[in-house]
Amino acid sequence: PSEALLAALAQQALLPDALPKDCWDLFSVLPAVLQTAVVAAVRASVLANVAGPVSDHFVRIVENEEVTSLLLDGPQPHLDRWPAQVEWAAIDDTPYHRIVRLMHLFRHQSCEELVLRELGEADDGMQEPGGQGSFLHLHLSTVEARARVSADILSALHAAAACGLPRVCARLVAEGLDFDERAGVQELSPLH
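What counts and how
- All residue numbers here refer to positions counted from 1 along the written sequence of the relevant chain.
- Restriction of local features to residues with pLDDT of at least 70 applies here, the model being predicted, together with a cutoff of 80 or more for giving and counting side-chain atom pairs; totals for whole chains, interfaces and linings are based on all residues.
- Hydrogens are left out, water is left out, and the side-chain values use all remaining heavy atoms of the structure.
- A run of DSSP states H or I qualifies as a helix once it reaches four residues; a run of E qualifies as a strand once it reaches two. Both are numbered from the N-terminal end.
- Throughout, radius of gyration means the C-alpha value; the globule benchmark is 2.2 Å times the number of residues raised to the power 0.38.
- Note on classification: 1.4 Å probe, protein chains only; a residue is buried when its accessible area is under 20% of the maximum for its type, exposed when over 50%, partly exposed between these limits.
- We call two residues in contact whenever any of their non-hydrogen atoms come within 4.5 Å of each other.
- Using a 1.4 Å probe, the Shrake-Rupley method yields the accessible areas, and only the shown protein chains count as cover for residues.
- The charge count treats Lys and Arg as positive and Asp and Glu as negative. His and the chain ends do not count.
- To locate a charge, take NZ of a lysine, CZ of an arginine, CG of an aspartate or CD of a glutamate.
- Pairing of aromatic rings covers Phe, Tyr and the six-membered ring of Trp, with a centre-to-centre limit of 6.5 Å; geometry is then stacked below 30 degrees between planes, edge-to-face above 60, and tilted otherwise.
- Salt bridge, as used here: a side-chain nitrogen of Lys or Arg that lies within 4 Å of a carboxyl oxygen of Asp or Glu.

A. Representation of the overall build of the chain within the structure. Helix and strand counts for the chain come out as 11 helices and zero strands. Across the chain, helices and strands are ordered from the amino to the carboxyl terminus as α-α-α-α-α-α-α-α-α-α-α. Relative to its length of 192 residues, the chain is compact, with a C-alpha radius of gyration of 17 Å against a globular reference of 16 Å. Based on the C-alpha atoms only, the size of the chain along its principal axes is roughly 50 × 35 × 25 Å. Counting over 192 residues, the chain shows a buried share of 46%. Taking the intrachain contacts of the chain between residues at least 6 apart in sequence as the baseline, contacts between residues at least 24 apart amount to 68%. Counting only carbon and sulfur atoms, one obtains 56% of the accessible surface of the chain, whose full area is about 9,600 Å². For the chain, the distance from the average position of its 13 positive side-chain charges to the average position of its 27 negative side-chain charges is 4 Å.

B. Structural context of the packing of aromatic side chains. Inspection of every chain in the model, using the stated rule, returns two aromatic pairs. Summarising the aromatic geometry, the rings of Trp88 and Tyr96 are spaced 6.1 Å apart at their centres and angled 70° between planes, so their arrangement reads as edge-to-face. For the pair Trp88 and Tyr96, a shared accessibility class is recorded, and that class is buried. Ring geometry for Tyr96 against Phe135: centres 6.3 Å apart, planes inclined by 50°, an arrangement best described as tilted.

C. Just the environment of Asp178, in detail. Inspection of the secondary structure puts Asp178 in the segment after helix H11 (166-174). According to the relative accessible area criterion, Asp178 is partly exposed, its value standing at 41%. For the pair Asp178 and Trp24, spaced 154 residues apart in sequence, the C-alpha separation works out to 34 Å.

D. Here's a closer look at the pattern of salt bridges. Throughout the structure, instances matching the rule amount to nine salt bridges. With a closest N to O distance of 2.9 Å, Asp25 and Lys21 form a salt bridge. With Asp25 and Lys21 both in helix H2 (residues 21-28) and four residues apart, this pair spans about one turn of that helix. Between Arg98 and Glu118 there is a salt bridge, with the nearest N and O atoms lying 2.6 Å from each other. Highlighted residues: Arg98 in helix H5 (residues 95-105) and Glu118 in helix H6 (residues 112-125), separated in sequence by 20 residues. We note that Arg98, like Glu118, is buried.

Okay, here's the thing in structure tokens:
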């Protein structure tokens, strides 16, 4: 497994010492399935665009993969009842709104670092998948508002796909967002 991470770093033109010992220690204690997911995420990332320390970004990649794995292994996210529809402004300053805004603002740059940081901060206070305030709840409460604009402007999954963030897409699907949802005025799926 360490060889796979070494190869993923080399693919990014990074030497093994790009990650300090504590990152290697963190990686070494992960179950094999999570090590594989982390290596895939490092391969999919563009580490050259990371503005902060690569080690901080690596830790966020590990945390995102751990949360995604927990969500996938847990019960299927669902809502007890369909949420009331609200305008986009009603979910301002929620994690859902912030990650969509980050992906929209930084589409032409690598926004993965910022989105993973936001997801990590959201994990601390996040509700159960499907609960009030969860990504699924906020997503479904804005179906009508999102139907009036381009899908990749207000839909987190569509924006992540448009930005080329496959691990963020995986996380959002694990949160319960429908990977085949037709959204926006175009009624496009995220993988259109």
